[in-house]
Amino acid sequence: MITPGGPARGTKIVAMGHYQPAKVLTNEDLTRIVDTTDEWITSRVGIKERRVAENETVADMATAAAGKALANAGLTPYDIDQVIVATCSSIDRCPNVACRVANNLGITAPAAFDLNTGCSGFEYALATADHAIRAGAARRALVIGAEKLTDVTDYTDRTSCILFGDAAGAAVVEAVADDEEPGVGPVLWGSDPSKGSVLTIEGRRGYIKQDGPTVFRWTQTELPKLIAETCRRAGVEPSELGGFVAHQANLRIIEPLAKKLGATNAVVARDIVESGNTSAASVPLALSKLIERGELTSGVPVLLFGFGGGLTYAGQVVRCP
Ligand code: COA
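Computed from a predicted structure; not experimentally measured.

J.: Break down the packing of helix H3 (residues 58-73) against helix H4 (residues 97-105) for me, with residues and values.
T.: The interhelical angle for the contact between H3 and H4, taken along N-to-C directions, is 55 degrees, at an axis separation of 9 Å. Between H3 and H4, the crossing angle belongs to the class labelled oblique. H4 is crossed by H3, and the crossing has right-handed handedness. Taken together, the residues of H4 that come into contact with H3 (itself represented by Val58, Ala59, Ala62, Thr63, Ala66, Gly67 and Leu70) are Val97, Arg100, Val101, Asn104 and Leu105. Tallied by class, residues from the contact of H3 with H4 come to eight nonpolar, three polar and one charged.

J.: Could you give me a rundown of the site of the ligand, with the residues and numbers involved?
T.: Taken together, 23 residues form the shell around the ligand, and within it Thr36, Arg44, Arg158, Gln210 and Asn250 come nearest. Taking Thr36, its side chain carries an N or O atom lying 2.7 Å from a nitrogen atom of the ligand. Interatomic distance of 3.1 Å between a side-chain N/O atom of Arg252 and an oxygen atom of the ligand. Elements supplying a minimum of two residues to the shell around the ligand: helix H2 (38-44), helix H6 (158-161), helix H7 (212-234), helix H8 (251-261) and strand E13 (301-308). It is H7 that provides the largest number of residues to the shell around the ligand, a total of four residues. Each residue belonging to the shell around the ligand can be placed in one class, and the counts come to 11 nonpolar, eight polar and four charged. Composition of the shell around the ligand by domain shows at least three residues from each of domain 1 (11-175) and domain 2 (188-319).

J.: An account of the sheet that holds strand E6 (residues 140-148) is requested, with residue identities and associated values reported.
T.: Strand pairing in a sheet is mediated by backbone hydrogen bonds. Such pairs are either parallel or antiparallel. The five strands are arranged E1-E7-E6-E4-E5 in an open sheet whose pairing can be described as mixed. Each edge of the sheet is formed by a strand with only one pairing partner; in this case those strands are strand E1 (11-19) and strand E5 (111-115). Averaged over all pairs of adjacent strands, the angle between their axes in this sheet comes to 15 degrees, without regard to strand direction. Its contacts with the sheet place H4 against strand E4 (82-86), E5 and E6, and it is angled at close to 130 degrees to E4. Contacts between helix H5 (residues 121-135) and the sheet are confined to E1, E4, E5, E6 and strand E7 (166-175), with E6 contributing the most and set at about 165 degrees to the helix.

J.: Would you mind going over the pairing of E4 in detail, with residue names and values included?
T.: In terms of burial, E4 is largely enclosed, as five of its five residues are buried. Taking every second residue as pointing to the same face, both faces of E4 are buried, with Gln82, Ile84 and Ala86 on one and Val83 and Val85 on the other. The sheet contact formed by E4 and E5 spans five bridges and is parallel. The partner of Val85 across the bridge, within E5, is Asp114. The parallel pair E4 and E5, bridged by H4, forms a crossover whose chirality is right-handed. Here E4 pairs with E6 via five bridges, running parallel. Counterpart to Gln82 in the pairing with E6 is Ala141.

Cut-offs and rules
- Residues numbered from 1 in each chain as written.
- Predicted model: local features only at pLDDT ≥ 70, side-chain atom pairs only at ≥ 80, totals over all residues.
- Heavy atoms only, no water.
- Axes fitted to C-alpha atoms, helices over the stretch in contact; angles between N-to-C directions.
- Helix = DSSP H or I, 4+ residues; strand = E, 2+ residues; numbered from the N terminus.
- Parallel < 35°, antiparallel > 145°, perpendicular 65-115°, else oblique.
- Left-handed = near helix turned anticlockwise from the far one by under 90°.
- Contact = heavy atoms within 4.5 Å.
- Nonpolar A, V, L, I, M, F, W, Y, C, P; charged D, E, K, R; others polar.
- Near = heavy atom within 4 Å.
- Polar contact = N/O pair within 3.5 Å; in protein donor to acceptor, adjacent residues only side chain to side chain.
- Domains from an automatic or database assignment.
- Pairing = 2+ DSSP bridges.
- Buried < 20%, exposed > 50% of the residue type's maximum accessible area, 1.4 Å probe, protein only.
- Right-handed = clockwise from strand over helix to strand, strands pointing away.

Structure, rendered in structure tokens:
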């Protein structure tokens, strides 16, 4: 039972939802735009296709994902008093995306704000909602990651344009009952601002520019330590994880990482194959799909971990809704 307005001993994810636009951009399609091959993209990154929003905005996709999460939770807009949207690609900045989503769904008077930490945005937003609810500053939150990366993708740059897609994923987060264990573990969040120049979106209508090999090397040295520490803070051994949902940047990062950490019993999210890299949307999108397909059992510990522009990173172990 929720105590409205009072502090809570912890939070949990009640339900997830996601949205992807209908238009598919395959590797074959990209060979007609830049000098690339399906073989190169598949072997170097693992992507087969990604989705492209045509008329939909970031707010439209966020609204659709959030609406599904609410429906999956069996809740209405009246049950929500906080909306956080993690995004780094919204062209429309005022009103912020969170207010647009709240207005679209008919959520009245929520605390509504956007948050930009690049590809780790969802995990930062989830931690922020968790902290707000535990402090008694909110009761039930919609936490959304939504990106229209194709708006900021340079389709003359073969090193980056093959990577990105559009999507949104959302979670409903609420206080746990007095006799329930918290379902959102302690966050590990941080950054290495000295490496900011390796992944940028700058200027009025700037494109994503990435020094891929440098970021790749950073993932190899840093991610194993950071994820091991995230599990340690949650009191969960990697071998006890039921799900491993890391930012969908490259299968060559994700799969060896899960193996190296000893996440041998976890279902490893591989949504990048069909969605590409969707930045802040990638983790909630992949988690929502695993749940929808019945690939994760309710209650199992699932690692969420995001990393990207900043360079920023954040993660936590959650109980699968
Ligand atoms: N098709 C064909 N060849 C391509 C290509 C493409 N789309 N893109 C690059 N190449 C070529 C390069 O020109 C280079 O050729 P050269 O050896 O003749 O100079 C070669 O392939 C290797 O390029 P490189 O950039 O070293 O590729 P990579 O193996 O590092 O893969 C990434 C590139 C981006 C997939 C990889 O570096 C990566 O995943 N980095 C981390 C991304 C990340 O985690 N970001 C943070 C979150 S968004």
